Amino acid sequence: MPDTPGKNAIEVRGVRKVFGAGEAQVAALDTVSVSIRENEFFTLLGPSGCGKTTLLRLIAGFDFPSEGEIMLYGQDIAPLPPFKRPVNTVFQSYALFPHMTVAQNIGFGLEMLGKPRAEIDARVAEMLKLVRMEKLAKRRTSQISGGQQQRVALARALAPQPKVLLLDEPLSALDYKLRKEMQIELKRLQHETGITFIFVTHDQEEALTMSDRIAVMSAGRILQVGSPRDIYDRPAERFVADFIGETNFLDAKIDSLDGAKAKVTLKSGATIAATVAEGFKPDGDATVVIRPEHAKAVKGQGDISGIVETVVYFGTDTHVHIRLDDGETFTVRQQNARGAVAAFERGDRVGIVIGDDAAQILRD
Amino acid sequence: MATAAEIEKQAEQREIRNRWFLSAPALLIIFLAASGPLVIVLIYSFLTPGPYGDVVWKFSTDGWMSVFLERDIFDDTLSFASAHITIFWRSLKLALMATVATLIFGFPTAYFIATRSERTRDIWLFLITIPFWTNLLIRTFAVLQVIRNEGIINTALINLGIVNQPIQMLYTDFAIMVGMVYVYLPLMVLPLYASMEKLDFRLVEAGYDLYASRWQVLRRIIFPLVRPGVIAGSILVFIPAIGAYVTPSVLGGGKNMMFANLIELQFGQGRNWPLGAALSITVMAIVMVALLVYVRNTSGSETRHG
């Protein structure tokens, strides 16, 4: 993956992680390389079992790579035990120490680093303020709510001022509203502390809203790294397009290819402009993805055409599911303006107009 | 008309009545089997010894006097029963040492088992309980075979040229210790394992993540969290250890008596049942005091979890 210049906090180079031995060997990570920049909110996104947590645990030091290097500001940390890495983790289960108070939990890391008492107290007070938990400092961790435990876990991991903060699906145990609040809170904390965050999640919405950059993972490999916009608008592989948001896939033939731009002919015979995923190997056929909101349904002639099957009203927008003439399905999302009448009904014959900047050719 | 609250209260009272009714047989057995004999022992300790053992029903405090004091047979003066004190001290010391030793050996053992996969854990636990299948006396004689002068250890040491003559291990306090550690180790491992199995090992990872070294994780995280198991295991080992009879008689060889041997002596050759009874109650008192002190000192506020 190419990287724009800028200081890298973490560089993962050719890391493999194999669990088990012999016949029962499973590669949880299959030669992964990625660079994470300083002060970046970087997200590892993928379904469960894709290796995202394994990668996080390798960076934290709970597991050791079978092959490859993990560099932290140029130093290979792969062989170091977790307590010798200036990296802290917010655990999915929070893993707060039940036999300590909130303040003792937050101060634990500093205490282990052998900081003087006065410094620890000052830093704990500062952290409590940062996560707005001043009043609950003396409470036991069992006496506070899930959202509060989450804040304590964050404060505890931030207190020793790590170079990189690792977050393992920290919001998954919270209810929807609290999760939304914590997403904003996390962004604020990252901004205020200036620490590099590596965030693991399987929630695409969380990834899109919070991250500076996202790495989409599947089956132990990183498929694509890019800004949320890149990932969403220009997915490189079918998996990425499918995993994030809703997508229409169309088969097409390549007419002309010019770097990252191409002209393709759809089955309907229409020719459209498309962008090309990096690493695409032209062999005539291609799969094109079009996001539902990037296409438009019209009453007249479009690039492709079909019959409306269902119209689903979502409040903010309406989804029109169309059965194309070749039997495939295609979804168009239209924003609802106030007072606008539903433009289509079941059975209507419609054309679909695909804009010049709407289609992306996948590499697989 | 009865209100909902009244009905609920009646139901609650009925519940309490039923509870007493159902537990009555158990309470009766506990009372008869545990408290009854204790009362008899207490009464016997205040009676006069009979000429051929047993007691004469005449009140006397001589039994209790001779627990700590002894009367000189020539001039009738009283002095400290130093022999008894020595035995008390040895019992207490050996029981404490055995408890600490089983804890030192049992802790890593329990940790090892608790960190195995679920299936192999059962196998390890099964192996731990195997010694229970053999009679205590036989196991104790097995230890004797190992540590006696012609035993495997000494033979090996001599053959390897490390020592010229056998090290006297049998019939020492050390022998009693070894025997007790061997016999009581499972009693320490099992409750420790029960505590450790419940331990959330993610907390251990969190400890490492927050710069705690292995020793600090053990001391600051694992130990406080498994403390209930440590307490239970220590109690389970200390109580039988302080009252151990077979182990000191086989491995201590008569001259290194412990409490139980002393008591047995009074009821047997000594023909002094009141003294034996008084000694028995003394042991109980020592055990109870020791436990109270121990539990109070170890169950700090940090143990209340889960």
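Everything here concerns the structure above.
Residue positions within a chain follow its written sequence, with the count starting from 1. For naming, the first written chain is A and the first written ligand is 1, with later ones following in the order written. With the structure being a predicted model, the display of local features is reserved for residues of pLDDT at least 70 and the display and counting of side-chain atom pairs for 80 or more, all residues being used for whole-chain, interface and lining totals.

**Student:** Teacher, can you tell me more about the overall build of chain B here?
**Tutor:** In this text, helices come from DSSP runs of H or I with a minimum length of four residues, and strands from runs of E with a minimum of two, each type numbered from the N-terminal end. In terms of regular secondary structure, chain B is built from 12 helices and 4 strands. Relative to the compact-globule value of 19 Å for 306 residues, chain B shows a C-alpha radius of gyration of 25 Å, a clear excess of over 25%. Considered along the principal axes of its C-alpha atoms, chain B spans approximately 80 × 75 × 35 Å. The exposure scheme places C-beta atoms from the backbone and then counts, for each residue, the other C-beta atoms within 10 Å of its own, assigning buried at 20 or more, exposed at 12 or fewer, and partly exposed in between. Burial analysis of chain B (306 residues in total) assigns 28% to the buried set. Sequence separation of 24 or more characterises 68% of the internal contacts of chain B that already satisfy a separation of 6 or more. We take the radius of gyration over the C-alpha atoms and set the globule estimate at 2.2 Å times the residue count to the 0.38 power. The contact criterion used is a C-beta to C-beta distance within 7 Å, with each C-beta placed from the backbone.

**Student:** Sorry, what's going on with the interface of chain B and chain A here?
**Tutor:** Interface size is commonly expressed as the accessible surface area that is lost when the partners come together. Taken residue by residue, the interface counts 17 residues in chain B and 18 residues in chain A. Looking at the side of chain B that touches chain A, the elements that each hand over two or more residues are helix 8 (201-209) and helix 9 (214-242) of chain B. The element contributing the most residues to the side of chain B that touches chain A is helix 8 of chain B, with 6 residues. Residue classes follow a fixed rule: Ala, Val, Leu, Ile, Met, Phe, Trp, Tyr, Cys and Pro count as nonpolar, while Asp, Glu, Lys and Arg count as charged, and any other residue, Gly among them, counts as polar. Residue composition of the side of chain B that touches chain A, grouped by class: 9 nonpolar, 4 polar and 4 charged.

**Student:** I'm lost on unusual backbone geometry in this one. Help?
**Tutor:** It is generally the case that most residues other than glycine have a negative phi and that most peptide bonds are trans. Non-glycine residue Glu-169 of chain A carries a positive phi angle of around 40 degrees. Along the chain, Glu-169 of chain A turns up in the loop between strand 7 (164-168) and helix 5 (176-193). Of note, the phi angle at Tyr-211 of chain B is positive, near 70 degrees, even though the residue is not glycine. Checked against the element boundaries, Tyr-211 of chain B lands in the loop between helix 8 and helix 9.

**Student:** Looking at this model, I keep getting lost on helix 12 (residues 273-298) of chain B. Mind explaining?
**Tutor:** Given 3.6 residues to a turn, an α-helix orients residues that are three or four positions apart in the same direction. All names here are of chain B. Multiplying 1.5 Å by the residue count of a helix minus one yields the expected span of that helix. For helix 12, built from 26 residues, the straight-helix expectation of 38 Å at 1.5 Å per residue is met to within 8% by its first-to-last C-alpha distance of 37 Å. Of the positions making up helix 12, those classed as buried are Trp-273, Pro-274, Leu-275, Gly-276, Ala-277, Ala-278, Leu-279, Ser-280 and Val-283. Looking at the packing, one finds that the buried side of helix 12 touches helix 1 (4-44), strand 1 (48-49), strand 2 (55-56), helix 2 (62-68), helix 9 and helix 11 (259-267).

**Student:** What's the story with the packing of helix 7 (residues 173-197) of chain B against helix 9 of chain B in this structure? I'm lost.
**Tutor:** Each packed pair of helices is defined by two parameters, the angle between the axes and the distance between the axes. All names here are of chain B. Interaxial distance between helix 7 and helix 9 falls to 8 Å at its minimum, and their mutual angle equals 155 degrees. If you check the angle between helix 7 and helix 9, you find them roughly antiparallel. Between helix 7 and helix 9 the crossing geometry is right-handed. Residues Met-180, Tyr-184, Leu-187, Met-188, Pro-191, Leu-192, Ala-194, Ser-195 and Met-196 of helix 7 pack against Val-226, Pro-228, Gly-229, Val-230, Ala-232, Gly-233, Leu-236, Val-237, Pro-240 and Ala-241 of helix 9. A breakdown of the residues in the contact of helix 7 with helix 9 according to their chemical character gives 16 nonpolar, 3 polar and no charged. All axes are obtained by fitting lines to C-alpha atoms, using only the stretch in contact for helices, and the reported angles, taken between N-to-C directions, cover 0 to 180 degrees. Note on terminology: angles under 35 degrees are roughly parallel, angles over 145 are roughly antiparallel, angles of 65 to 115 are roughly perpendicular, and the others are oblique. Working rule for handedness: look at the near helix, and if it is turned counterclockwise from the far one by less than a right angle, call the crossing left-handed; if clockwise, right-handed.

**Student:** Looking at this structure, I do not really get the sheet that holds strand 8 (residues 196-201) of chain A. What am I missing?
**Tutor:** In any sheet, the strands associate via hydrogen bonds between backbone groups, in a parallel or an antiparallel arrangement. All names here are of chain A. The mixed open sheet is built from 6 strands, whose spatial order is 6-7-8-3-9-10. For this open sheet the edge positions go to strand 6 (87-90) and strand 10 (221-226), each flanked by a neighbour on one side alone. Going across the sheet, the axis of each strand differs from the next one's by a mean of 20 degrees, ignoring polarity. Only when DSSP finds a minimum of two bridges between them are two strands counted as paired. Where strand 9 (residues 213-218) meets strand 10, 5 bridges bridge the pair, whose relative direction is antiparallel. If you follow Ile-214 over to strand 10, its bridge partner there is Gly-226.

**Student:** What is the right way to read the pairing of strand 2 (residues 26-37) of chain A from this model?
**Tutor:** Put simply, side chains in a regular strand alternate between the two faces of the sheet. Residues and elements named next belong to chain A. Strand direction decides the pairing type here: strand 1 (residues 8-19) and strand 2, joined by 8 bridges, are antiparallel. Within strand 2, the residue paired with Ile-10 across the bridge is Ile-36. Here strand 1 folds back onto strand 2, and the loop between the two strands holds 6 residues, one of which, Gly-20, carries a positive phi near 80 degrees.

**Student:** Just checking my understanding: could you explain the pairing of strand 17 (residues 317-324) of chain A for this structure?
**Tutor:** All names here are of chain A. By the bridge criterion, 7 bridges tie strand 16 (residues 304-313) to strand 17 in an arrangement that is antiparallel. In the sheet register, Tyr-313 faces strand 17, and the bridge partner there is Thr-318. Remark: 3 residues form the turn of the hairpin made by strand 16 and strand 17, two consecutive strands paired antiparallel; Gly-315 in that turn has positive phi of roughly 90 degrees. As paired elements, strand 17 and strand 18 (residues 329-335) share 7 bridges and run antiparallel to each other. Within the sheet, the bridge partner assigned to Asp-317 lies in strand 18 and is Gln-335.

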